[in-house]
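Here is what each chain is made of, one letter per residue.
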Amino acid sequence: MVQPARTRKVAAHMGAGPGVGTGTGIGNGIGIGNGAGGAAAGALGAAVAALYTATLPPALPGGDAGELITAAYELGVAHPPGYPLFTLLAKVATELPGGSPAFRVNLLCGLVGAAAASLLFCTVFRLSGSYAGGILAAGVFSFSRLTWQWSITAEVFSLNNLFVGLLMALTAHFEEASTAKERSKISKWGAFCCGLSLCNQHTIVLYVACIVPWVLSQLFRKRELSLGHLLKLGLCFLAGLLPYLYLPASSYLNRARWTWGDQTTFQGFLTHFLREEYGTFNLAKSETGSSMGEMLLFQLAQMKSELSLPVLVLALVACVSTALPLKKQHKSPVIWLFTGMLCLYSLFFAWRANLDVTKPLFLGVVERFWLQSSAVVAVLAGLGLATLASLGRDTVLLPCLEWLPALALVASQLWANYSTCDQSNNYVVDKFARNVLSSMPRGAVILLRGDLPGNALRYLHYCEGMRPDITLVDQEMMTYGWYLPKLAKHLPGVHFPGNRWNPVEGALPDGTLAFNLHRFLQVNKHKEVFVCIGLHEGDSTWRRSHSLWPWGTCEKLVPSGAVFDPGEWIRLTRNLYNWTEGYGSFSPSSWEAVANEEMWQARMKTAFFIFDLAERASVTAEMKAQLYTFAYTSYKEIVSSHPHHPVNWHKNFAIACERMLRLGRGDVDPELLLSQTVKHFLLYTQKAEDDPQRQDILQAVQHLREELQGLRRRKAELRRGAG
């Protein structure tokens, strides 16, 4: 029987032969993208690459980017599980000309993300022969807010997306292969890529755990799985894991000024590889997260928001179509495989992701891992579109049935997300780190705490050479037994009275000599020591000999005998930073929002410190009055200079006004103080509706209003009497 023209075209594209490859690398070797399909995949990847490149952040992003770039730049080891493949690729990128090291690694990730889009297209096109379906899958995924955001920053997620696309494309090609020789070749490449994918993000092991048994069962069913072939597949898989040799090599050489862990022993390697310092199979360390059901509901809501409801419906169509008596359902096993991968990953991740997703920052951390499942949903949606189009194969409306929804959905993604994802002018985290480093006196020691200051300051200090006179010491890392033995030699001028920081000083049960913060400060009296941001709560021994004085986002550890001069300290800290970002300008789940909040709160820290000193310190009444006056004056200057500011400033200023009123000083009008107190308390209660003290504040405001009215009546009576 003569096939219709379109059917012949589809059959031609779905042929199993390797054809003339137009792709590159592995794709070219095994025919992932061939002929017209390969050309279309290349064109699509180039278009995505162009958009990603145009929206790249030119400087350091937030999150783990600073640490990952620094580890690559120094040829050290990144945080568990080490990410050796990403580290090596990023090292190559940092050696290329043009832009900062951060920009070069951002660009690398953008290009890798574009390659992932091409592979998603290839997967759908090979299984369905539909250009529109492939474009839909690649477009809605690549231009979703989350994918776009994490494909243009120096993070491991775009490389993980590449491997997700690669494994799915190889699976589709394996399913379409017509000869035992071709299936053998694809399975070997697939085994290698499975191993290689585990050299990046370990969450992909859940996809590998689905694909490997499926491929082996297919080979066994076709009587093509001999012991020799199984051995070859195992060797290919192990060959993919070879980048992990980088970890012990880097640790043994110990030349990096920043690295994580000691992989020179097998136990040390396993500790890092299995993420034991975070908790194997846990997302974070010592956190209580949302329930499994809540996590799944958040994921579903995120998919609907990121990919759109029509895309989810099309993915469901692809799954349902496998149970219908439609022609050409030889792709059904692959659809069921992809669906199984999606379900296993979603359930397992919801079970082990121990973070509270009701908190915006934690949601921002968790949602990045949903990219892996969204890629599968996008592929299923492309196949669903192709299935619907095949139902109207004999109608003249076929092109419209495919292309209009595909282009409309991709265009809507671009329209909705371009402005949000355009980071071409985003210098926020970079400026945060530069301001903090620039504010420090020469030769200072900074005790770092947290991802934002730790990663950002490390990057600028080591990769861009900013402030080489400063020494950066990580508080959390000092609690690990490997940190000081490996990195103390790269921290010149700082003395460590032991091998590990521990609140209990002396020899630990394992023989390690521990020291506390009090001892550390004693042996480093010759240095000015700052903490950024905050001190480890487990060690309060520093209070024996030091106090914390505010220094912007940081604090300075000052010997207890030092005399605090409030006027001088206000002068020193008033203009520490040149910060021009508006308050509340960024998404609450972003690192930019965290950096911006820190910088805004830094403006108020000295005034708050002085006020707190007046409240708590055992000083004379005259000194207390002076401290309250300094705090009030500073609060007033800051609040009046920044009309749109953090809501807690209203409360702080209102309390400062109330204290000044009780002092009864004649140089400040009581009516002004009362009116300011009422005004700012009311503004606070309007904006902070969740404050548990809100009702108490409102009751206090009522009394203050009555007091203000009484004061005004007395003033009016005095004026009438004088007249």
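I will try to describe carefully the structure that is included in this document. (Residues numbered from 1 in each chain as written. Predicted model: local features only at pLDDT ≥ 70, side-chain atom pairs only at ≥ 80, totals over all residues. Heavy atoms only, no water.)

### Overview of the overall build of the protein
Helices and strands together make up the secondary structure of the protein, namely 30 helices and eight strands. C-alpha atoms of the protein, sized along the principal axes, occupy 115 × 70 × 45 Å. Counting every position in the protein, which comprises 723 residues, the buried fraction comes to 55%. Within the protein, residue pairs in contact and separated by at least 24 positions form 70% of the contacts whose partners lie at least 6 positions apart. Computing the positive centroid from 63 side-chain charges and the negative centroid from 53, the protein places the two 6 Å apart. (Helix = DSSP H or I, 4+ residues; strand = E, 2+ residues; numbered from the N terminus. Buried < 20%, exposed > 50% of the residue type's maximum accessible area, 1.4 Å probe, protein only. Contact = heavy atoms within 4.5 Å. Lys, Arg positive; Asp, Glu negative; His and termini not counted. Charge placed at Lys NZ, Arg CZ, Asp CG, Glu CD.)

### Concerning the nonpolar core
Residues Phe338, Leu447 and Tyr483 are the most contacted members of the largest nonpolar core, which totals 216 residues. Aside from chain neighbours lying at most four places away, what touches Tyr483 is Trp258, Leu472, Val473, Asp474, Met477, Met478, Ala488 and Leu491. (Core = buried A, V, L, I, M, F, W, Y, C linked by side-chain atoms within 4.5 Å.)

### Comments concerning the pairing of strand E8 (residues 554–559)
Counting buried positions along E8 gives five out of six residues, so the element sits mostly inside the fold. Here strand E6 (residues 529–532) runs beside E8; their pairing, made up of three bridges, is antiparallel. Residue Val531 lies in a different strand from E8, and its bridge partner there is Glu555. With six bridges joining them, strand E7 (residues 546–551) and E8 adopt antiparallel strand pairing. (Pairing = 2+ DSSP bridges.)

### A look at the environment of Arg458
Inspection of the secondary structure puts Arg458 in helix H22 (residues 451–463). Arg458 sits in the buried class, given a relative accessible area of 6%. Residues Arg458 and Lys715 lie 257 residues apart in sequence; the distance between their C-alpha atoms is 60 Å. If near-sequence neighbours (up to four positions away) are discounted, Arg458 is found in contact with Thr70, Trp258, Leu448, Pro453, Cys463, Leu472 and Asp474.

### Some words on the side chain of Ser128
Tracing the backbone shows Ser128 in helix H6 (residues 101–128). Overall, the relative accessible area of 10% leaves Ser128 in the buried class. One polar contact links the side chain of Ser128 to the main-chain carbonyl oxygen of Val124, over a distance of 2.7 Å. Reaching out from Ser128, the side chain makes a polar contact with the backbone nitrogen of Ser130 at a distance of 3.2 Å. (Polar contact = N/O pair within 3.5 Å; in protein donor to acceptor, adjacent residues only side chain to side chain.)

### Describing the sheet that holds strand E5 (residues 513–515)
Sheet architecture is open: three strands sit in the order E3-E5-E4, paired in mixed fashion. Whereas interior strands pair on both sides, the edge strands pair on one side only; in this sheet they are strand E3 (500–501) and strand E4 (506–507).

### Brief notes about a nonpolar patch on the surface
Taken together, the side chains of Leu231, Leu235 and Leu238 define a hydrophobic patch exposed on the protein surface, amounting to about 320 Å² of accessible area. Within the element layout of this structure, Leu238 appears in helix H12 (residues 227–240). (Patch = residues over 30% accessible without salt bridge, like charges linked within 9 Å, V, L, I, M, F, W, Y side chains within 5 Å. Areas by Shrake-Rupley, 256 points an atom, 1.4 Å probe, with all protein chains shown as cover. Salt bridge = Lys/Arg side-chain N within 4 Å of Asp/Glu carboxyl O.)

### So, the environment of Gln413
Position of Gln413 among the secondary structure elements: in helix H20 (residues 398–421). Under the relative-accessibility criterion, Gln413 is labelled buried at 7%. The spacing of Gln413 and Ser424 is eleven residues in sequence and 19 Å in space, taken between C-alpha atoms.

### Some points on the sheet that holds E6
Here five strands make up an open sheet; going across it, the order is E2-E1-E6-E8-E7 and the pairing mixed. At either margin of the open sheet sits one strand with a lone partner, and together these are strand E2 (471–474) and E7. Sheet twist, expressed as the mean angle between neighbouring strand axes with direction ignored, is 30°. Here helix H26 (residues 591–616) sits on the sheet in contact with E7 and E8, set at roughly 140° to E7. (Axes fitted to C-alpha atoms, helices over the stretch in contact; angles between N-to-C directions.)

### A look at the packing of aromatic side chains
Per the stated rule, a full pass over the model turns up 34 aromatic pairs. Ring plane angle 15° and centroid distance 5.9 Å describe the contact between Tyr345 and Phe349, whose orientation is recorded as stacked. Of this pair, Tyr345 and Phe349 both sit in helix H17 (residues 332–352), four residues apart, which is roughly one turn of that helix. The two residues Tyr345 and Phe349 agree in class, both being buried. (Phe/Tyr/Trp six-rings, centres within 6.5 Å; stacked < 30°, edge-to-face > 60°.)

### Some remarks on helix H9 (residues 157–176)
In this model H9 runs 29 Å from its N-terminal to its C-terminal C-alpha over 20 residues, within 8% of the 28 Å that 1.5 Å per residue would give. Counting buried residues in H9 gives 20 out of 20 residues, a clear majority hidden from the surface. (Expected span 1.5 Å × (residues − 1).)

### A look at the pairing of E6
Residues Val529 and Val531 line one face of E6 and the alternating positions Phe530 and Cys532 line the opposite face, and both faces are buried. One ladder, built from four bridges, connects strand E1 (residues 445–448) with E6; its direction is parallel. Pairing of Ile446 across the sheet is with Phe530, part of E6.

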